[in-house]
Amino acid sequence: MANHNGLINDVDLRSHENNLAHRTREIDRERLIVRRGQPFSITLQCSKSLPPKHHLELVLHLGKRDEVLIKVQKERGAGDKWWFNQQRAQDEMLLTLHSPADAIIGQYRLAVLMMSPDGRILEKTDKIKFHLLFNPWCKDDVVYLPDESLLQEYVMNEDGVIYMGTWDYIKSNPWNYGQFEDYVMDICFEVLDNSKDALKNSKMDVEHRYDPVYVSRVITAMVNSNGDRGVLTGRWDDSYSGGVPPYRWTGSVPILQQWSKAGARAVKYGQCWVFAAVACTALRCLGIPTRLITNFSSAHDVDGNLSIDILLNERLEPLADGRKKDSSWNFHCWVESWMKRDDLPKGYDGWQVLDPTPQELSDGEFCCGPCPVTAIKEGNLGVKYDAPFVFAEVNADIIHWIVQRDGQRKKVSVDQSGVGRNISTKSVYGDYRDDVTLHYKYPEGSKEEREVYEKAGRKVTEPTNGSAEPGHLKLSIKHAKPVFGTDFDVIVEVKNEGSRDAHAKLTMLVMAVTYHSLHRGECQRQTISVTVPAHKAHKEVLRLHYDDYARYVSEHHPMRVKAFLEAPGENEPIMTVANIPLSMPELLVQVPGKAFVWDQVTAYISFTNPLPVALKGGVFTAARPLRSMLMVTYLRARRCLLSSYSHPCGPGSGSSWWTFTVID
């Protein structure tokens, strides 16, 4: 920035001091990156004193083509204006700039003008660039979060945990958000620049980037590639040719880098947790406190009637009519971001749901939110944005219908409490789960819950599920937590609470499904006649062998068991459903001896093969979070190198080992 011909010889952006004060040193130590609502200083190296009656003016330019121009006031004025003051010391001039707490985020170009007494520009220095981010530490910023421990987790923490599985068997999956990795911030602004709004009217888009509601909504739309130049293409049919299967991603950074290097061409492939994790990375990077949420037994209500209608044929198989249908997912991930909602009446500040998974259109875009969590809990479905859809995700009824050959539908079960269970996020205090279900809904059966349902337009009726169906017969499914590759038992129990013996026909069906309820194949079916004495229970055991399910299961390994009971004297047939996740064998990581910073570390990884066949050609994938497992602490590791020694892992053995070298 040197200029040896005029008043200003050079400019020192004081990036080290400013970035430290603004908590952006993790992003970059050389470039100037600051947060709005907080002053920062730069130093001008001057060749001489400013001539009498001459003065400096500062002008800010925003946008790729300088669409927005802001003149910086000389003295403090209204709180919504940029202003600066100056101090002279020998051959230096210290300029302190003050940004308003609602300033536009983005890359700024600062021009320093030396003005003559009659208003002419005598000298111009305009090569000064800096980035401005949201400031959740500033009380006047609408993303202000007053708890430092929450800020350290929801803005500064680059590593997280994503919860997956089923409501009664929750698994944790580590994820590297990497929001402060090199050039991730630049990619996040590139994402904003490629949105439909930015490409259509860049000036209007830039002018709206002061608002986290607008910015978060754009990010939510741009994380998926449906209808725009978004980051990720979704795929849910287990066919991942030409891309990376969603379950192989372990962090957001490679996805964002690949998208940017390909010229804003979508990366293949993502599913809900990947979409949510990438959105979390972008929003944290821009300065909006954000956390990833998992909703277990999540409803996807297509028609907005607060009911998930699952249609089955008389063999209990899902009907496929080619139309988009309601569905219930074992789990579904979205994010919450913290902000004031000045666009809404009072009472809706705080956590806002944002869902980047492309499911339904919202104002013509595949995005969802921001929707206040408070609005969901209170059943206020007229609140922006997408409250009815989010409310259904955590509150819808699940109704199973059997469609008979003549087209008539018969309702066989209603579950009013199975949706929206164990809603989870990573704890601020460590790598364990916090349950936030009560942020979204009142306790089941409470007076407040009934009032909310009434307000939201959902009818409250007596359920007819496996726990409270009318009549004397009760139906339940019990199972252990089996490991993929093993044989296991499923127990179907018919309990007779009546005073007479009951004779019934019991159908038991086991099928493999995806985590979002796509049918993969039938594993086993039995139909038997049972007699249950009065006040007794009958148990039927289904033995599932590896060969029964191996060729059908998807990457998340969920199984679904349906039990259907028809008995003379009962008003309606009885049906109950259970989801059984198959867990994978646990990996054991051992690091012999001590680990030292910058030294090579050897880790031994082993597991027991539960399959009745030998495994060959297996690959362990090592990602950046492996740092902590290897007990290596260092400032900014960039990659883990994996060298492997391939050895067949036979049934019941754990004989494979890999050596990892961590370098900077």
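Note that the coordinates shown come from a computational prediction; the quantities given were computed from them, not determined experimentally.

Each value, and the rule that gives it
Residues numbered from 1 in each chain as written. Predicted model: local features only at pLDDT ≥ 70, side-chain atom pairs only at ≥ 80, totals over all residues. Heavy atoms only, no water. Buried < 20%, exposed > 50% of the residue type's maximum accessible area, 1.4 Å probe, protein only. Helix = DSSP H or I, 4+ residues; strand = E, 2+ residues; numbered from the N terminus. Pairing = 2+ DSSP bridges. Contact = heavy atoms within 4.5 Å. Axes fitted to C-alpha atoms, helices over the stretch in contact; angles between N-to-C directions. Salt bridge = Lys/Arg side-chain N within 4 Å of Asp/Glu carboxyl O. Arc of directions from axis to C-beta. Patch = residues over 30% accessible without salt bridge, like charges linked within 9 Å, V, L, I, M, F, W, Y side chains within 5 Å. Areas by Shrake-Rupley, 256 points an atom, 1.4 Å probe, with all protein chains shown as cover. Lys, Arg positive; Asp, Glu negative; His and termini not counted. Charge placed at Lys NZ, Arg CZ, Asp CG, Glu CD. Parallel < 35°, antiparallel > 145°, perpendicular 65-115°, else oblique. Left-handed = near helix turned anticlockwise from the far one by under 90°. Nonpolar A, V, L, I, M, F, W, Y, C, P; charged D, E, K, R; others polar. pLDDT = per-residue confidence, 0-100. UniProt positions renumbered as here; feature names shortened; annotations may be inferred. Phe/Tyr/Trp six-rings, centres within 6.5 Å; stacked < 30°, edge-to-face > 60°. Lys NZ or Arg CZ within 6 Å of the ring centre and 35° of its normal.

Visitor: An account of the pairing of strand E15 (residues 307-312) is needed here, citing residue identities and associated values.
Guide: Most of E15 sits out of view: 5 of its 6 residues are buried. As defined by bridge partners, E15 adjoins strand E19 (residues 397-403) across 6 bridges and the pair is classed as parallel. Opposite Ile308, over in E19, you have Ile398 as the bridge partner.

Visitor: So what about helix H2 (residues 148-156)? Which residues, and what values?
Guide: Where H2 is concerned, the buried positions are Leu151, Glu153, Tyr154, Val155 and Met156. Taken together, the buried residues of H2 touch strand E2 (33-35), helix H8 (272-286), strand E14 (290-300), strand E17 (350-354) and strand E21 (421-426).

Visitor: Give a detailed account of the sheet that holds strand E29 (residues 574-581), specifying residues and quantitative values.
Guide: Paired through their backbone hydrogen bonds, the strands of a sheet run either parallel or antiparallel. Strand order in the open sheet formed by 4 strands is E26-E25-E28-E29, with antiparallel pairing between adjacent strands. On the outer flanks of this sheet lie strand E26 (519-532) and E29, each paired with one strand and no other. On average, each strand axis in the sheet is inclined to that of its neighbour by 15°, with strand direction left out of account. Direction of pairing for strand E25 (residues 502-513) relative to E26: antiparallel, over a ladder of 12 bridges. Paired with Met508 across the bridge in E26 is Gln526.

Visitor: Tell me what's going on with the pattern of salt bridges, and back it up with residues and numbers.
Guide: Counting across every chain of the model gives 30 salt bridges. Here Asp118 ties to Arg120 by a salt bridge, and the two come within 3.1 Å at their closest N and O atoms. It is possible to trace a salt-bridge network through shared partners that takes in Arg315, Glu317, Glu522 and Arg525.

Visitor: So what's going on with helix H12 (residues 447-456)? Which residues, and what values?
Guide: Regarding H12, the residues found buried are Glu449, Val452, Tyr453 and Ala456. Here the buried residues of H12 occupy an arc of 100° about the axis, which is enough to place them on one side. In H12, those exposed residues whose orientation departs by more than 90 degrees from the buried face are Lys447 and Glu454. Buried residues belonging to H12 abut helix H9 (373-378) and helix H10 (387-395).

Visitor: Lay out a negative patch on the surface in plain terms, naming residues and giving numbers.
Guide: Where like charges cluster on the molecular surface, the negative patch consists of Asp12, Glu17, Asp91 and Glu92. When you line up the elements, Glu92 lands in strand E7 (residues 92-98).

Visitor: Tell me about the packing of helix H3 (residues 184-193) against helix H7 (residues 253-261), and name the residues and values.
Guide: Viewed as axis vectors pointing N to C, H3 and H7 meet at an angle of 60°, and their least axial separation amounts to 10 Å. By the angle between their directions, the pair H3 and H7 is classed as oblique. Regarding H3 and H7, the two cross each other, and that crossing is left-handed. On the side of H3, the interface is formed by Val184, Ile187, Glu190 and Val191, while H7 contributes Val253, Leu256, Gln257, Trp259 and Ser260.

Visitor: Explain the packing of H3 against H8 residue by residue, including any values.
Guide: Where H3 meets H8, the axes come as close as 10 Å, and the angle between the chain directions of the two elements is 105°. Taken together, the axes of H3 and H8 lie roughly perpendicular to each other. The residues of H8 that touch H3, namely those facing Val184, Met185, Cys188, Phe189 and Leu192, are Thr281, Ala282, Cys285 and Leu286. Grouping the constituent residues of the contact of H3 with H8 by class yields 8 nonpolar, 1 polar and no charged.

Visitor: Lay out unusual backbone geometry in plain terms, naming residues and giving numbers.
Guide: Look at the link from Lys268 to Tyr269: it is a cis peptide, with omega at 10°. Turning to its location among the elements, Tyr269 is positioned in strand E13 (residues 267-270). The omega torsion of the bond from Gly369 to Pro370 falls at 5°, within 30 degrees of zero and hence cis. When you line up the elements, Pro370 lands in the loop between E17 and strand E18 (371-372). Unlike most non-glycine residues, Leu306 shows phi in positive territory, near 60°. Relative to the helices and strands, Leu306 resides in the loop between E14 and E15.

Visitor: Could you give me a rundown of the environment of Gln416, with the residues and numbers involved?
Guide: In this fold, Gln416 is placed in the loop between strand E20 (409-415) and E21. Spatially, the C-alpha atoms of Gln416 and Ile398 are 6.6 Å apart, while their sequence positions differ by 18 residues.

Visitor: A description of the confidence of the model for the protein chain should follow, citing residues and the corresponding values.
Guide: Counting all residues, the mean pLDDT for the protein chain is 87, and 89% of those residues have values of 70 or more. Predicted confidence is poor over residues 462-469, with pLDDT under 50, and the contacts of this stretch with residues over four places away or in other chains come to 16 contacts.

Visitor: Describe the UniProt feature "active site" (unreviewed entry) in the protein chain, listing the residues and the values that go with them.
Guide: Under the feature "active site" (unreviewed entry), the UniProt entry names Cys272, His332 and Asp355. Separation in sequence by 84 residues is not matched in space for these annotated residues, since their most distant C-alpha atoms are only 9.7 Å apart. Look past the residues within four positions of His332 in its chain and what remains in contact with it is Cys272, Ile293, Thr294, Asn295, Ser298, Asp355, Thr357, Gln359 and Glu393. Once residues within four sequence positions are removed from consideration, Asp355 is found in contact with Thr220, His332, Cys333, Trp334, Cys367, Cys368 and Glu393.

Visitor: Pulling in residues and values, what's your account of the packing of aromatic side chains?
Guide: Taken as a whole, this structure holds 18 aromatic pairs when the rule is applied. With a centroid separation of 5.2 Å and 0° between ring planes, the pair formed by Tyr108 and Phe130 is classed as stacked. Residue Tyr108 is located in strand E8 (residues 106-115), and its partner Phe130 is located in strand E9 (residues 121-133); the two are separated by 22 residues in the primary sequence. Pair check on accessibility: Tyr108 and Phe130 agree, each one buried. Put simply, the rings of Phe40, Trp82, Tyr108 and Phe130 touch in pairs and so form one group of aromatic residues. Positioned above the aromatic ring of Trp351, the side-chain terminus of Arg291 is 4.2 Å from the ring centre. Between the NZ or CZ atom of Lys377 and the centre of the ring of Tyr442, over which it lies, the distance is 4.7 Å.

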